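# Results of the structural survey
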Amino acid sequence: MNRLEAHNTEEANVAIDRLLASEPELAPSSGFLAAVMESIRDEAAAPPQIAFPWKRVLPGAVVIAGLVAWSGYEASHWLAPALREWIMNPAPIQLNLAHLTGPVSGIAFAAGVALLSWLISARLIRRA
Amino acid sequence: MNAPTTQIEQLAADPDLQAVARVLAGEVEAFELIVRRWQTPLINMAWRYCRDRHRAEELAQEAFVRAWRGLASWRQESAFSTWLFALAANVFRSDLKRFPAVSVPFEEAAEPSTAARQHDILSEAQLCESVRSAVLALPQRYREPVVLFYFQEMDVDQTARIMKLPPGTVKARLSRARDLLRQRFPQLGRTLAAHPSGLLATQKELQP
């Protein structure tokens, strides 16, 4: 960079600094303070936010997580061997009701637990 | 005995501390002292982010409401103004991300090619406004340091604290922003040097 360019750059930098630092100041409109204080009073008058009821939710969440894990285990336990066998020896699937007794009772039990937890949570909500 | 005395002295000396203490003690109306003191700076700061007066007031109001909600979180490690400006900058930044300010693309900011034409076509005031509008069209990473640094006589350290960036990064971004503006307005230095006026009365010494 020659001396002239350096001088021009310096001059431009000074001009930019002066220009941006000298922006005219806006004055707040007449109703601004009142509007802000009205919002603040509304905020102050509002009831405090209700905290999320973790104590009540936690047991239900644990039961649901347990059920999901158990269902996953059962599904893999029952389906994986059958799926592996079917992949190895693809044959038309034949429905054997005798084999389904185990899973059906499991599903019925899970549905029962889900219904029970729904009833308990509905009662808790009504009480709250 | 020294520490409590110092705290009392600080409280007596700093109007912000006094007002915050009163608000935290449950006196809602004491917040008006804070709003009165900081309304002009906050509106002007918002204006520099969006260059829309109505929106600037809305943004400043939102910043005050957030300050009210978060007043207890001010740990007094930094000045109240630094905390307030940092909070306001967050409010303005996130709002402008959702609804960007209307600005011309940086490359289209008005800039006649020669000093003579510049003098003919644009008055000095128009030129100043063009440059200020071009700031709004800078990429976000360069725009915010410029907005904050040239606002309220801030220095690089204050700007860095508000942006939660290292001072070196702020200096580099300021320098790059100035390069971009200089390239966009190559005649700026000569034009303004030739026509010094009241528009540029306030000077800010800076060469980071």
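Residues numbered from 1 in each chain as written. Chains lettered and ligands numbered in written order. Predicted model: local features only at pLDDT ≥ 70, side-chain atom pairs only at ≥ 80, totals over all residues. Heavy atoms only, no water.

### Looking at the overall build of chain B
Scanning chain B from N- to C-terminus turns up eleven helices and zero strands. Reading the helices (α) and strands (β) of chain B from amino to carboxyl end gives α-α-α-α-α-α-α-α-α-α-α. The buried share of chain B, reckoned over its 208 residues, is 48%. A separation of at least 24 residues holds for 69% of the contacts in chain B among residues at least 6 apart in sequence. Per element, the accessible surface of chain B, about 10600 Å² overall, is 52% carbon and sulfur. (Helix = DSSP H or I, 4+ residues; strand = E, 2+ residues; numbered from the N terminus. Buried < 20%, exposed > 50% of the residue type's maximum accessible area, 1.4 Å probe, protein only. Contact = heavy atoms within 4.5 Å. Areas by Shrake-Rupley, 256 points an atom, 1.4 Å probe, with all protein chains shown as cover.)

### Let's talk about the overall build of chain A
Each helix and strand in chain A was counted, giving four helices and zero strands. Going from the N terminus to the C terminus, chain A shows its helices and strands as α-α-α-α. Per-residue burial for chain A yields a buried fraction of 16% across its 128 residues. About 10000 Å² of surface is accessible on chain A, with carbon and sulfur atoms providing 68% of the total.

### Points about the nonpolar core
Side chains of nonpolar character tend, in soluble globular proteins, to be buried together. The biggest cluster of nonpolar side chains holds 71 residues, and the ones touching the most others in it are Phe31, Met45, Phe80 and Phe92 of chain B. The contact partners of methionine 45 of chain B, leaving out residues within four places of it in the chain, are Phe85, Ala88, Ala89, Phe92, Val147, Leu148 and Phe151 of chain B. (Core = buried A, V, L, I, M, F, W, Y, C linked by side-chain atoms within 4.5 Å.)

### As for the interface of chain A and chain B
Contact residues are listed per partner, giving 32 residues for chain A and 42 residues for chain B. Between chain A and chain B the total buried area reaches about 3800 Å² when both faces are included, carbon and sulfur atoms providing 63% of it. On the chain A side of the interface with chain B, the three residues burying the most area are Arg18, Leu19 and Leu26 of chain A, jointly 18% of the side's total. Run the count over chain A and chain B and you get three salt bridges. Of the charged contacts, one joins aspartate 17 of chain A and arginine 178 of chain B as a salt bridge, the two residues approaching to 3.0 Å between their closest N and O atoms. Secondary-structure elements contributing two or more residues to the side of chain A that touches chain B are α1 (3-21) and α2 (32-45) of chain A. (Buried area = accessible area lost by both parts, 1.4 Å probe. Salt bridge = Lys/Arg side-chain N within 4 Å of Asp/Glu carboxyl O.)

### A look at the pattern of salt bridges
Opposite charge on two side chains permits them to pair, given that their charged atoms come into close proximity. Residues and elements named next belong to chain B. With the rule as written, the count across this model stands at twelve salt bridges over all chains. For the salt bridge of arginine 53 with glutamate 57, the shortest nitrogen-to-oxygen distance reads 3.2 Å. Linking arginine 53 with glutamate 57, this pair stays in helix α4 (residues 53-70), spanning four residues, or about one helical turn.

### Things to note about the confidence of the model for chain A
A residue-level look at chain A finds 88% of positions with pLDDT of 70 or above and a mean pLDDT of 82. Within chain A, no element has a lower average pLDDT than α1 of chain A, which sits at 77, and none a higher one than α2 of chain A, at 93. (pLDDT = per-residue confidence, 0-100.)

### What to know about the packing of helix α9 (residues 156-163) of chain B against helix α10 (residues 167-184) of chain B
Residue and element names in this part refer to chain B. One can describe the packing of α9 onto α10 by two numbers: an axis separation of 8 Å at closest approach and a directional angle of 105°. Considering their axes alone, α9 and α10 lie roughly perpendicular with respect to each other. The residues of α10 that touch α9, namely those facing Val156, Asp157, Thr159 and Ala160, are Pro167, Val170, Lys171 and Leu174. Of the residues that constitute the contact of α9 with α10, the class distribution is five nonpolar, one polar and two charged. (Axes fitted to C-alpha atoms, helices over the stretch in contact; angles between N-to-C directions. Parallel < 35°, antiparallel > 145°, perpendicular 65-115°, else oblique. Nonpolar A, V, L, I, M, F, W, Y, C, P; charged D, E, K, R; others polar.)

### Considerations on unusual backbone geometry
Residue and element names in this part refer to chain B. You will see that arginine 51, though not glycine, has its phi angle at about 50°, which is positive. Relative to the elements of secondary structure, arginine 51 occurs in the loop between α3 (31-50) and α4. Residues other than glycine seldom take positive phi values, yet lysine 164 does so here, at roughly 55°. For lysine 164, the position within the fold is in the loop between α9 and α10.

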